[in-house]
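Below are the chains, spelled out letter by letter.
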Amino acid sequence: MAAFHSMAAVFLYLGLGHLALASAQVCGMPSVSDRIVNGQDAVEGAWPWQVSLQVDNKHICGGSVITENWIVSAAHCYYGLNISQSRYTACVGEYQLTYGNPNAVCSTIQTLILHPSYTATGDPGDIMLMELSTPLNFTNYIMPICLPSPFVQVPSGTQCWTSGWGHINSSVPLSDPKTLQQVMVPIIDRSTCDAMYHIGSTVPASTQIILSDMICAGYQAGGKDSCQGDSGGPLVCKAGDSWFLAGVVSWGDGCAQAYRPGVYTLVTAYNSWIKTWVPDVTFQPYIISPIPSSNIKITMSAFSFFLPFLLLLCLNAF
Ligand code: ARG
């Protein structure tokens, strides 16, 4: 997680988080809600869905808990590495990787599902599901993240967060005690991000670099980003009271470089694929609108007016 400067932007979210109450599963609600503002170290328990995916007990990637049995990560955390599945463990409830943690549990992987589209960096389908051999008991430090319904769109500028134990800059590993890092990264819409990636690149303008199953987050000026070792980990956004998984850390050109924001696998592109393997997963409807504060009243009344229709829409969606 590279972080060099801070940027202030004010957006307000109008969340339909309360609609999530209709679902049986409680997700996306850490019991620790305060975080270090403008800092890098996360507070223990702030991101209870965060997974440390390890090979021979060494951290290699991130991941996110979605149910008692399943985690989601990136395909490239397994694909092409030639490491047998039996050497992988998924650790949850971790905070400082250098030390043992009484709240942490690690499980081997019973089933590993790679998305069939993925064969190389920049390909679509950089997503992987792992079924744990030992189901999780949820605690204050271990909780699932919510998954958004397929029609949920996160507007550009929305302040989302990514977390992980990855490098703090290109080829600079996180140092001991390896405290979980967090950084706020605003969403950048796909065409803007695609245009940024074409700057200083030999890829023809007509060839898309940022595909329809990708979502970008970060800064045009660089400075804050996810990085090597954060892969597979969460990009989460808040709607109402709960957090949902908008993206999976996938790739970038170096880390935190100008015009090279982080690229994340768009979770909503894979709802039906996830549902195939994890039938008990639920998807929550959210509406996230970045709105200028002067428009709040108007938007609020328009929102109340449309609420019954939205409710109908949501009910129909299930
Ligand atoms: N692919 C990298 C990994 O294996 C992380 C990619 C994220 N890079 C970025 N600039 N946001 O850990």
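Calculation rules
- Position numbers for residues count from 1 along each chain, tracking the sequence in the order it is written.
- Two thresholds apply to this predicted model, a pLDDT of at least 70 for residue-level local features and 80 or more for giving and counting side-chain atom pairs, whereas whole-chain, interface and lining totals are computed over all residues.
- As a convention, hydrogens and water are excluded, and side-chain values are obtained from all of the structure's heavy atoms.
- Definition of nonpolar core: a set of buried residues of the types Ala, Val, Leu, Ile, Met, Phe, Trp, Tyr and Cys, connected through side-chain atoms within 4.5 Å.
- Relative accessible area decides the class of each residue, using a 1.4 Å probe on protein chains only: under 20% of the type maximum gives buried, over 50% gives exposed, and in between gives partly exposed.
- Counting from the N terminus, the helices are the DSSP runs of H or I reaching at least four residues and the strands are the DSSP runs of E reaching at least two.
- Here is the rule: rings of Phe, Tyr and Trp (six-membered ring for Trp) pair when centre to centre is within 6.5 Å. Planes less than 30 degrees apart are stacked, more than 60 are edge-to-face, and the remainder are tilted.
- Note: two strands are recorded as paired if DSSP finds a minimum of 2 bridges between them.
- For helices, the axis comes from a line fit to the C-alpha atoms of the stretch in contact; other axes are also lines fit to C-alpha atoms, and the angle between any two N-to-C directions lies between 0 and 180 degrees.
- Salt bridges are defined as contacts in which a side-chain nitrogen from Lys or Arg sits within 4 Å of a carboxyl oxygen from Asp or Glu.
- In this description, the term disulfide denotes a pair of cysteine sulfurs within 2.5 Å.
- Here the positive residues are Lys and Arg and the negative ones are Asp and Glu; neither His nor the chain ends is included.
- Scored from 0 to 100, pLDDT records how confident the predictor is in each individual residue.
- Contacts between residues were defined by any pair of non-hydrogen atoms, one from each residue, lying within 4.5 Å.

Visitor: What am I meant to see in the nonpolar core here?
Guide: Proteins that are soluble and globular tend to have nonpolar side chains buried together. In terms of nonpolar packing, the biggest core is built from 47 residues, with Leu 53, Ile 66 and Ile 274 touching the most fellow members. Considering every element that reaches this core, the biggest residue donor is strand S7 (residues 128-132), with 4 residues. Judged by nonpolar contacts, the second largest core, of 22 residues, contains Val 154, Tyr 219, Ala 239 and Ile 288.

Visitor: I keep staring at the packing of aromatic side chains and nothing clicks. Help me out?
Guide: Here the distance between the centres and the angle between the planes together describe a pair of aromatic rings. Evaluated as defined, the whole model comprises 8 aromatic pairs. Seen in terms of ring centroids, Trp 47 and Trp 161 are 6.0 Å apart; in terms of plane orientation they differ by 35 degrees. Their pairing is tilted. One end of the pair, Trp 47, is in the loop between strand S1 (2-3) and strand S2 (50-55); the other, Trp 161, is in strand S9 (residues 159-164), with 114 residues separating them in the sequence. Of the residues examined, Trp 47 reaches a relative accessible area of 3% and is grouped as buried.

Visitor: Please explain the pairing of S9 as it appears in this structure.
Guide: The buried fraction of S9 is high, at 5 of 6 residues. Bridge count for S9 against strand S10 (residues 181-188) is 6 bridges, and the pairing is antiparallel. Across the sheet, the residue bridging to Trp 161 is Met 184, located in S10. Inspection of the sheet shows S9 paired to strand S13 (residues 234-239) by 2 bridges, in the antiparallel sense. By the bridge assignment, Trp 161 is partnered in S13 with Val 236.

Visitor: Please clarify how the sheet that holds strand S6 (residues 105-114) should be interpreted in this entry.
Guide: In a beta sheet, neighbouring strands are held together by backbone hydrogen bonds and run either parallel or antiparallel to one another. Within the closed barrel, the 6 strands sit side by side as S2-S3-S4-S7-S6-S5. Their pairing is antiparallel. Sheet twist, expressed as the mean angle between neighbouring strand axes with direction ignored, is 45 degrees. Taken together, the 5 bridges between S6 and S7 define a ladder with antiparallel strand orientation. Following the sheet pairing, Leu 114 is matched in S7 by Met 128.

Visitor: Would you take a moment to explain the pattern of salt bridges for this structure?
Guide: Opposite charge on two side chains allows them to pair when their charged atoms are near. Applying the stated rule across the entire model yields 3 salt bridges. The salt bridge partner of Asp 176 is Lys 178, with a shortest N-O separation of 3.9 Å. According to the relative accessible area criterion, Asp 176 is exposed, its value standing at 54%. Of the charged contacts in the structure, one is a salt bridge between Asp 253 and Arg 260, with a shortest N-O distance of 2.9 Å. You can call Asp 253 partly exposed: its relative accessible area is 35%.

Visitor: Would you explain the state of the cysteines in this entry?
Guide: A covalent bond bridging the sulfur atoms of two cysteines is what the word disulfide describes. What the rule picks out here adds up to 6 disulfides. Indicated for the protein is the disulfide connectivity 1-6, 2-3, 4-5, 7-11, 8-9, 10-12, based on numbering the bonded cysteines in sequence order.

Visitor: Help me understand the side chain of Asp 194 in this model?
Guide: Checked against the element boundaries, Asp 194 lands in helix H1 (residues 190-198). This buried residue, Asp 194, is left without a salt bridge; Arg 190 holds the nearest opposite charge, at 8.0 Å.

Visitor: Can you help me understand the confidence of the model for the protein in this one?
Guide: Segments scoring low in pLDDT should not have their predicted coordinates read at a detailed level. Here the protein shows a mean pLDDT of 86. Residues at 70 or above account for 81%. Of the regions scoring below 50 in pLDDT, residues 4-24 engages in 51 contacts with residues more than four places distant in sequence or in other chains. The model gives residues 291-318 a pLDDT under 50, and that stretch makes 20 contacts with residues more than four places away or in other chains.

Visitor: Which parts of the structure should I look at to understand unusual backbone geometry?
Guide: With the exception of glycine, the majority of residues adopt a negative phi angle, and the majority of peptide bonds are in the trans configuration. Omega for the bond connecting Asp 176 with Pro 177 falls within 30 degrees of zero, at 5 degrees, which places this linkage in the cis form. For Asn 57, which is not glycine, the phi dihedral falls at a positive 65 degrees. Among the secondary structure elements, Asn 57 is positioned in the loop between S2 and strand S3 (58-65). Of note in this structure, Lys 178 is not a glycine but carries a positive phi near 55 degrees. Summarising the element assignment, Lys 178 is placed in the loop between S9 and S10. The partly exposed category is assigned to Lys 178, whose relative accessible area is 30%.

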